[in-house]
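Chains, contacts and geometry: an overview
Each chain is listed here by its residues.
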Amino acid sequence: MIAALQELFLTWQSAIGFVGINGLLALSVYATLSCGQLSLANAGFMAIGAFASALLTQHTALPFAAVLAVAALLPAAVAVPLGLPVLRLRGVFLAIATIGFGEMVRLGFVNWDYTNGALGLVGIPQRTTLPVVYLLLVAAAFLFWRLRGSRHGQALEAIREDEAVARTLAIDSTRYKLAMFVLGAGLAGLAGALDAHLTFMVAPSGFGFGRVVEMLVYAVVGGITSFIGPVIGAAFLTLLPEVLRVLGELVGVEPGPLRQFLNGAILLAVILFLPHGLASLPRRLRRWRERRKGVALAA
Amino acid sequence: MLLEVDAVGRSFGGVQAVQSASFGVAPGEVHGLIGPNGAGKTTLLNLISGLVRPTQGTIQLRGRRLDGLPPHRVAALGVTRTFQNIRLFPELSALENVIVGAHRTRRAPLWPRLLFAPTAAREERAVRARAAALLERVGLAERAGERSANLSYGEQRRVEIARALAADPAVLLLDEPTAGMSRGEVEAIARLIRDVAREGRAVLLVEHNLELVMGVCDRITVLDFGKVLADGTPAEVRADPAVIAAYLGSDA
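Scope of this entry: the structure provided in the associated data block.

**Let's talk about the pairing of strand S4 (residues 56–61) of chain B**
Residues and elements named next belong to chain B. Here strand S1 (residues 3–12) pairs with S4 via five bridges, running antiparallel. Each residue of the ladder has a partner; that of Glu-4, found in S4, is Gln-60. As paired strands, S4 and strand S5 (residues 64–65) are joined by two bridges and run antiparallel to one another. Among the inter-strand pairings, Gln-60 is bridged to a residue of S5, identified as Arg-65. Linking S4 to S5, which pair antiparallel, is a turn of two residues; within it Arg-62 sits at a positive phi near 50°.

Structure below.
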């Protein structure tokens, strides 16, 4: 009985850890989305952060804080020479070029013997704790919160709305786009390191195209009008399968296809009925209630 | 001269949109740019603001070359503009549009804001107040909070002018600022243009409303098929036989 309870706590503990890590990943995609750029390089940046941190932990005595710093700075440094040419591309071309980068990184690790190729690294000491994850998530959210409404935040919004016009107002859009690309890379690298030190392992298969699509879906389902949406989206989509599993067990439904179907149906419902994401739900409900009140008054 | 356009040309494929155009605009001067459709007026504004690069000639602001610079550098040097087909940031409010326009004048770093320093809040309040004052100047004080996409045509044009002025430009480029406006609105814009020039700014005005152009401009350059047809005071231009033949004769 006690062992079962302990196990339950452990499952939820790691789920809560993944909520925070996925929140960071969602914010890393939001960074570029906030200035209108659909960049899908973040699984690649995450891989760089994950492998670099795992190697450092396994081969050096660096404290975890320093390992995390490297995991953020290394992909950020890679993002500068990558971003300068690719951020000239727009829309779907930028998306394709950055997917290409992600695949290049993944295949690079698959073919790198030093990190055991496709198998990856195992037996990474567990250093990631919930306080660390949430401290970093709060720090990232704080940065986006303070950016909003600042001169820089307003410049980003202007670039998202109409980049050419923003440029005629003395906004150096290239610099802003690059800054957000680098910030996104750093956040993804950080999330990669936290993930590696939570799951004991890193393998290239964890950083494929599917991974970056997941991050994008967190952001879009949560809503990208502000930084809160991606965090909510990540929490919702990370916990949804867990909650469905527990509910299924309670009513005695076998786990499997039905759960996956429900998961997909809920996702579709959110996208169809809440085009501005889960974060817009309170406002939508308020408006709906007001309209009902209005109808009642008219009747 | 503050703004000096010298033998500027631009061709798109085989079409010569602007051919060796030369004129200058002095501080405090309202300079009209008129001509039939397709004469190259908007292309000239695009060339000056850096959205399009000239294939020939030079453009200088206070003796500094503008041609070849990207648009944000041109704007940073003090040239801002409005657009013929209004281009406000649709999701932002009227006030926010004007605040974005003030980007050029702002230097505040991010860290005081991260630390909730009062200097950051003070700077933001000052910029908001300045943007609100500009909206009031174009007669839109009560519309400040409205999403710009919900504003009327004439209101949107006025927000664009306020946004361009928020950058505190030395040269203001206006591309048909009164298109689609009522008579009363046009008169208000004419007064505004004169006021802006009185502040020592140069205004380059592309406009189809000849009454406005003749009434508000100190000098006028007439373009036809990408070439300068005439250049002078409104009275001189009006009396120019070439202008009458090519433009006024057919249009007025």
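**Some points on the interface of chain A and chain B**
Accessible area lost on assembly of the parts is the figure often given for the size of an interface. Facing 26 residues of chain A, the contacting portion of chain B comprises 29 residues. A per-residue breakdown of the area chain A buries against chain B is headed by Arg-151, Thr-168 and Leu-169 of chain A, which together make up 28% of the total. If you look at where chain A meets chain B, you find one salt bridge. Put simply, chain A and chain B have nine residue pairs in polar contact (both at pLDDT 80 or more) between them.

**Regarding the nonpolar core**
Leu-27, Phe-45, Phe-144, Ile-171, Phe-181 and Val-202 of chain A together with Phe-89 of chain B are the most contacted members of the largest nonpolar core, which totals 76 residues. Among the elements that make up this core, the one with the highest residue count is helix H8 (residues 173–199) of chain A (13 residues). Once you skip the residues sitting within four places of it in the chain, Val-202 of chain A turns out to touch Ala-50, Phe-51, Ala-54, Leu-119, Gly-120, Leu-121, Ile-124, Ala-196 and Phe-207 of chain A.

**A word on the sheet that holds strand S8 (residues 202–206) of chain B**
Residues and elements named next belong to chain B. With mixed pairing, the six strands of this open sheet are ordered in space as S6-S7-S8-S3-S9-S10. Every other strand in the sheet has two partners, leaving strand S6 (79–81) and strand S10 (227–232) as the edge strands with one partner each. For this sheet, the mean angle separating the axes of adjacent strands, direction not counted, is 20°. As judged from the three bridges shared by S6 and strand S7 (residues 171–175), these two strands associate in the parallel manner. What sits directly across from Thr-80, in S7, is Leu-172.

**A short note on the layout of surface pockets**
By volume, the largest pocket amounts to about 750 Å³. As for the largest pocket, its lining consists of 28 residues, and the residues nearest its centre are Arg-148, Glu-157, Arg-160 and Thr-225 of chain A together with Glu-91 of chain B. Listed by contribution, the elements that provide at least two residues to the lining of the largest pocket are helix H6 (151–161) and helix H12 (281–298) of chain A together with helix H3 (94–101) and helix H5 (118–137) of chain B. Looking at the lining of the largest pocket, the element that brings in the most residues is H6 of chain A, giving four residues. Among the residues making up the lining of the largest pocket, the classes are represented as nine nonpolar, seven polar and twelve charged. Here the second largest pocket is characterised by a volume of approximately 520 Å³. The set of elements that each furnish at least two residues to the lining of the second largest pocket consists of helix H5 (130–147), H6 and H8 of chain A together with helix H2 (71–77) of chain B. Looking at the lining of the second largest pocket, the element that brings in the most residues is H8 of chain A, giving five residues.

Criteria and cut-off values
Along every chain, residues carry numbers that run from 1 in the direction the sequence is written. Starting at A for chains and at 1 for ligands, labels are handed out in the order in which the entities are written. Local features in this predicted model are restricted to residues whose pLDDT is 70 or higher, and side-chain atom pairs enter the listing and the counts only when it is 80 or higher, whereas totals over whole chains, interfaces and linings include all residues. Side-chain measures were taken over the full set of non-hydrogen atoms in the model, leaving aside hydrogen atoms and water. Being paired, for any two strands, means DSSP has found at least two bridges between them. Elements are defined by DSSP. Helices are runs of H or I of four residues or more, strands are runs of E of two residues or more, and each kind is numbered from the N terminus. Any two residues whose heavy atoms approach within 4.5 Å are treated as being in contact. Note on definitions: buried area is the accessible-area loss of two parts on being combined, 1.4 Å probe, summed for both. For this analysis, a salt bridge means a side-chain nitrogen from Lys or Arg found within 4 Å of a carboxyl oxygen belonging to Asp or Glu. We define a polar contact as two N or O atoms separated by no more than 3.5 Å, with the added condition that, inside protein, one atom must be a possible hydrogen donor and the other a possible acceptor, whereas residues neighbouring each other in sequence contribute only through side-chain atom pairs. Only buried residues count toward a nonpolar core, which is a set of Ala, Val, Leu, Ile, Met, Phe, Trp, Tyr and Cys residues joined through side-chain atoms within 4.5 Å. Residue burial is assigned from relative accessible area. The probe radius is 1.4 Å, only protein chains are included, and a residue is buried under 20% of its type maximum, exposed over 50%, and partly exposed in between. Here, axes are lines fitted to C-alpha atoms. For helices the fit covers the stretch in contact, and angles between N-to-C directions go from 0 to 180 degrees. Lining residues are defined by having an atom within 4 Å of a point belonging to a cavity or pocket. Those points lie on a 1 Å grid over the protein atoms alone, cavities being sets where a 1.4 Å probe fits but cannot get out and pockets being open sets with protein on both sides within 12 Å along at least five of seven lines. Grid points are joined across faces, edges and corners, and a volume is the space filled by probe spheres set on the points. Throughout, the ten residues Ala, Val, Leu, Ile, Met, Phe, Trp, Tyr, Cys and Pro are labelled nonpolar, Asp, Glu, Lys and Arg are labelled charged, and all others, Gly among them, are labelled polar.

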